[in-house]
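So you can see what is in the structure, the chains are spelled out below.
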Amino acid sequence: MSDRSTTQSDDESAEVQYDPNSGRYDIYECTVSDCDNVVLVVGNDDPPMSCHDEPMERVTELDMSVKPPDVRQVLLQAFGLPKAGLDICLCVIGEGPLSANEVAEQLGYDRSTVTRYLNKLVELGLLRRSELNREGGGVVKVYHSVDLERMRRETLIGFYVWAGEAASLIEDANLTKQDYLEANPDQELPDVFWENFNEK
């Protein structure tokens, strides 16, 4: 007996739909007819959020499917942090405090690559840097993990900033598309619309 899931393409089987019963996150929208406010809530929201002094309504149905994100892709797209950066971050979290040389030795990465990503991780608030006195004299820069709650907050808010920029881009594209169709009611949207929009 054939399993339907095995006959689906990778793209089809990878797609997921919003499940309001999962408890992982919730989406709310304003109930006022001319308001387009939509919010994402991670964690409990009791009482629900308000807009125009009215409780926002929890979205329970959504036809669109999306491809589930991969954490490596999220870190790369939102923070410019590829696999090497993630490896370096996890190495310091698990083994730190470590110097750049020690991280490079453990992971087998070039020291310049390690130093670049360590500085990036410090800028993102995912690691902290300090100086330790060497036994033979002098100091060495070492890297430590930050408080886990702080890391959670920094990465979540940082992602929200990125998601806000992405949402604004989608909204601008929709408005531009609407303007085009209103100005050209007898024409279909050209295939190059998105390419032209990206150049704006």
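Residues numbered from 1 in each chain as written. Predicted model: local features only at pLDDT ≥ 70, side-chain atom pairs only at ≥ 80, totals over all residues. Heavy atoms only, no water.

Named according to an unreviewed UniProt entry, the protein chain is Helix-turn-helix domain-containing protein originating from Halapricum hydrolyticum.

## Let's talk about the packing of helix H4 (residues 83–95) against helix H5 (residues 100–107)
This is how it is decided: Lines fitted to C-alpha atoms define the axes, with helix axes restricted to the stretch in contact, and inter-axis angles between N-to-C directions lie between 0 and 180 degrees. The numbering of helices and of strands both runs from the N terminus, where a helix is a DSSP run of H or I of at least 4 residues and a strand a run of E of at least 2. Note on angle classes: values under 35 degrees are labelled roughly parallel, values over 145 roughly antiparallel, values of 65 to 115 roughly perpendicular, and the remainder oblique. It only takes one pair of heavy atoms within 4.5 Å for two residues to be counted as in contact. Charged means Asp, Glu, Lys or Arg here, nonpolar means Ala, Val, Leu, Ile, Met, Phe, Trp, Tyr, Cys or Pro, and polar covers whatever is left, Gly included.
Between H4 and H5, the least distance of the axes is 10 Å, while the angle of their chain directions is 110°. The pairing of H4 with H5 is recorded here as roughly perpendicular in orientation. Within the contact between the two elements, H4 uses Asp87, Ile88, Cys91, Val92 and Glu95 and H5 uses Val103, Gln106 and Leu107. In the contact of H4 with H5, the residues fall into five nonpolar, one polar and two charged.

## Thoughts on the nonpolar core
Note the following rule: For this analysis, a nonpolar core means a set of buried residues of the types Ala, Val, Leu, Ile, Met, Phe, Trp, Tyr and Cys, connected via side-chain atoms within 4.5 Å. Throughout this description, buried means an accessible area under 20% of the type-specific maximum (1.4 Å probe, protein chains only), exposed means over 50%, and partly exposed covers the range between.
In this structure, Leu81, Ile88, Val103, Val114, Leu118 and Leu121 are the most contacted members of the largest nonpolar core, which totals 22 residues. Among the elements of the structure, helix H3 (71–79), H4, H5 and helix H6 (111–124) are those that each provide at least two residues to this core. For this core, the element with the most residues is H4, which contributes five residues. Once residues within four sequence positions are removed from consideration, Ile88 is found in contact with Val103, Leu107, Tyr109, Thr113, Val114, Tyr117, Leu118 and Leu121. Judged by nonpolar contacts, the second largest core, of six residues, contains Tyr28, Cys30, Cys35 and Met56.

## A look at unusual backbone geometry
Trans is the common state for peptide bonds, and a negative phi is the common state for residues other than glycine. The peptide bond linking Gly96 to Pro97 adopts the cis configuration, its omega dihedral lying at 5°. Residue placement: Pro97 occurs in the loop between H4 and H5. A positive phi is found at His52, a non-glycine position, where the angle reads about 55°. Looking at the secondary structure, you find His52 in the loop between strand E4 (50–51) and strand E5 (54–55). With a phi angle near 60°, Asp53 is a residue other than glycine that sits in the positive phi range.

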